[in-house]
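Letter by letter, the chains look like this.
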Amino acid sequence: MYTDKVLDHFTNPRNVGEIEDASGVGEVGNMKCGDIMKMYLKINDESNVIEDVTFKTFGCGAAIATSSMSTEMIKGKSIDEALSLTNKAIADALDGLPPVKMHCSVLAEEALKAALLDYQKKSGKNLGLNDDDFEDWDAE
Amino acid sequence: MRSIYLDHAATTPVREEVIEAMVKVLRENYGNPSSIHQFGRPSRKLIEEAREKVAKAINADPREIIFVGSGTEADNLAILGSARANKKKGNHLITTSVEHHAVLDAFKALEKEGFEVTYLPVDGEGRISVADFKNALRDNTILVSVMHANNEVGTIMPVEEIGAICREKKILFHVDAVQAVGKIPVDVTQINCDFLALSGHKIYGPKGIGVLYMRRGVRTQPLYHGGGQERKLRPGTENVPNIVGLGVAIELAVAEMETESPRLAKLRDKLIDGVLSTIPETRLNGPREGRLPHNANISIVYVEGEALLLTCDMKGMSCSSGSACTSGSLDPSHVLMAMGLSHTIAHGSLRLSLGHSTTEDDIDYIIRELKPIADRLRAMSPVWENFQKGLPIA
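Residues numbered from 1 in each chain as written. Chains lettered and ligands numbered in written order. Predicted model: local features only at pLDDT ≥ 70, side-chain atom pairs only at ≥ 80, totals over all residues. Heavy atoms only, no water.

### Looking at the overall build of chain A
Next, step 1: Across its full length, chain A holds five helices and three strands.
Next, step 2: When the helices and strands of chain A are placed in sequence order, the string is α-β-β-β-α-α-α-α.
Next, step 3: For 140 residues, the compact-globule estimate of 2.2 N^0.38 gives 14 Å, and the C-alpha radius of gyration of chain A, at 14 Å, lies within 12% of that figure.
Next, step 4: Considered along the principal axes of its C-alpha atoms, chain A spans approximately 45 × 30 × 25 Å.
Next, step 5: Buried residues in chain A amount to 54% of all 140 residues.
Next, step 6: Contacts in chain A between residues at least 24 apart in sequence constitute 60% of all its contacts with a sequence separation of at least 6. (Helix = DSSP H or I, 4+ residues; strand = E, 2+ residues; numbered from the N terminus. Rg over C-alpha atoms; globule rule 2.2 N^0.38 Å. Buried < 20%, exposed > 50% of the residue type's maximum accessible area, 1.4 Å probe, protein only. Contact = heavy atoms within 4.5 Å.)

### Description of helix 5 (residues 102-123) of chain A
Next, step 1: Compared with the 32 Å implied by 1.5 Å per residue over 22 residues, the 32 Å span of helix 5 of chain A between its first and last C-alpha is a close match.
Next, step 2: Just beyond helix 5 of chain A, the residue with positive phi is G124 of chain A, at close to 80°. (Expected span 1.5 Å × (residues − 1).)

### As for the environment of L129 of chain A
All names here are of chain A.
Next, step 1: Take L129: it is sitting in the segment after helix 5.
Next, step 2: Residue class for L129 comes out buried when judged on its relative accessible area of 11%.
Next, step 3: Once the C-alpha coordinates of L129 and D118 are considered, the two residues, 11 residues apart in sequence, prove to be 9.6 Å apart.
Next, step 4: What L129 contacts, discounting residues up to four positions off in sequence, is L83, K113, L116, L117 and Q120.

### A word on empty space enclosed by the protein
All names here are of chain B.
Next, step 1: Under the criterion given, the structure shown has two cavities of 30 Å³ or more.
Next, step 2: Taken as a whole, the largest cavity holds about 80 Å³ of empty space.
Next, step 3: Per-class residue counts for the lining of the largest cavity are five nonpolar, three polar and four charged.
Next, step 4: Residues lining the lining of the largest cavity come from more than one domain, with at least three contributed by each of domain 1 (4-10 + 257-389) and domain 2 (16-253). (1 Å grid on protein atoms, 1.4 Å probe; cavity = no way out; pocket = protein on both sides within 12 Å on 5 of 7 lines; lining within 4 Å. Points joined across faces, edges and corners; volume = space filled by probe spheres on them. Nonpolar A, V, L, I, M, F, W, Y, C, P; charged D, E, K, R; others polar. Domains from an automatic or database assignment.)

Okay, structure coming up:
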């Protein structure tokens with residue numbers, strides 16, 4: 001049911017861990033449905049480049065694979081590029097997800113946006129992200 | 001790489017004796033059992049021999065054995081059929097909150113037909129209480145359905161006590177014994193049930209064959225209409241190879257139970273003790289005593305079951321989980337939730353069900369391999385991190 005790429009990212013996840021002095025941290029998902037993703041960003045304030053990104057995820061194979069893939073897709077990229085990353089692009093990069101697992105890719109996109117929102121607050125830069133967009137994302 | 005099958009509660013491999021008997025039938029006995037000529041007669045004889053074997057295995061009369069297409073069908077025929085046939089006597093039904101979906105969803109269907117259903121709660125080990133059952137009884141209760149043993153956590157239910165009460169009050173009693181047959185003694189006269197369901201593929205027989213025991217004098221309605229097979233309760237040309245296979249399988253399963261079940265129980269206990277003592281923050285789901293001999297259900301807390309299952313499979317251990325991601329819905333297993341487990345514990349559940357092929361060496365391997373799997377997933381888990389820092393879990 002999973003593609004080889006999903007299994008690869010699940011077995012050998014990229015960028016697992018925490019960043020101690022992270023520029024932004026985002027956590028989404030809840031224990032009820034069984035997926036929690038936490039993403040850490042290290043952003044260069046001058047160049048607006050994401051120099052480092054790590055994650056920690058509690059979840060199924062697809063949750064871990066989408067977390068891993070999304071970090072790989074934004075590492076070294078600009079904030080603008082990261083903001084334009086969609087869940088579909090993450091799923092496509094994994095050669096697709098089973099329909100019931102598409103929500104994992106949504107969660108990965110949301111974890112990234114939540115981390116960027118945290119950076120927006122800390123840096124005072126306006127990235128165009130709103131707290132309201134994140135209302136439903138609180139862990140239960 | 002090793003390949004250890006640890007999902008015998010899902011299905012079992014077909015044993016050699018069964019395959020041999022079935023292949024012989026497929027090759028030689030194609031006659032329709034309903035035909036009275038020389039091609040049909042041997043097929044009829046084979047069915048009746050199998051019926052006797054099944055009857056003997058559960059201490060029933062051969063006339064009380066109805067061959068159907070699966071355990072699910074047996075449950076549906078008993079529940080839908082008897083509720084509809086006895087509608088005039090009352091419209092209240094009782095079952096438990098931890099039944100297999102073959103039973104639960106049949107009751108849900110009856111609710112839509114106007115029946116009222118009480119779903120009995122269970123304790124932390126997955127067992128119903130007889131007191132709760134007595135309190136649920138009404139004057140218009142016509143049918144009770146309780147599983148003999150639970151498929152996820154292996155809890156054995158007090159079916160004999162429930163049966164005695166039902167018989168005294170003349171209420172129909174159905175028992176889903178799909179997981180119990182061949183593992184623990186199943187005797188319909190001891191249980192005092194009116195219906196009992198069992199399945200071929202859980203006891204090293206073929207898939208696509210089940211049995212409904214129906215006590216003499218009890219009424220039910222067929223689900224299908226057609227020929228007069230199986231006393232008109234299950235019309236359709238009999239699946240002779242599967243029926244013969246089931247007959248061989250159940251005879252052997254019951255004969256070997258006395259030695260095989262204690263062997264499995266010993267291995268199961270070794271597995272449970274080994275995992276609980278090797279990996280911190282693990283717990284056994286279901287009881288220590290009063291549990292099916294081949295079932296171990298363990299939660300490795302703070303990791304998710306599907307991720308566990310996938311990693312186990314990569315290491316050659318094939319098992320199942322009650323997490324949301326494996327239950328096909330947004331919620332973890334209804335059984336674990338009914339037992340009052342937290343989402344965190346339910347999501348980390350792993351069911352390891354042993355069988356004929358399981359050796360002590362396999363158990364040692366599992367105990368050894370599970371620890372690094374848990375460590376790896378926990379290192380990735382923000383929930384484990386929170387737990388270790390003493391923060392709220394999520």
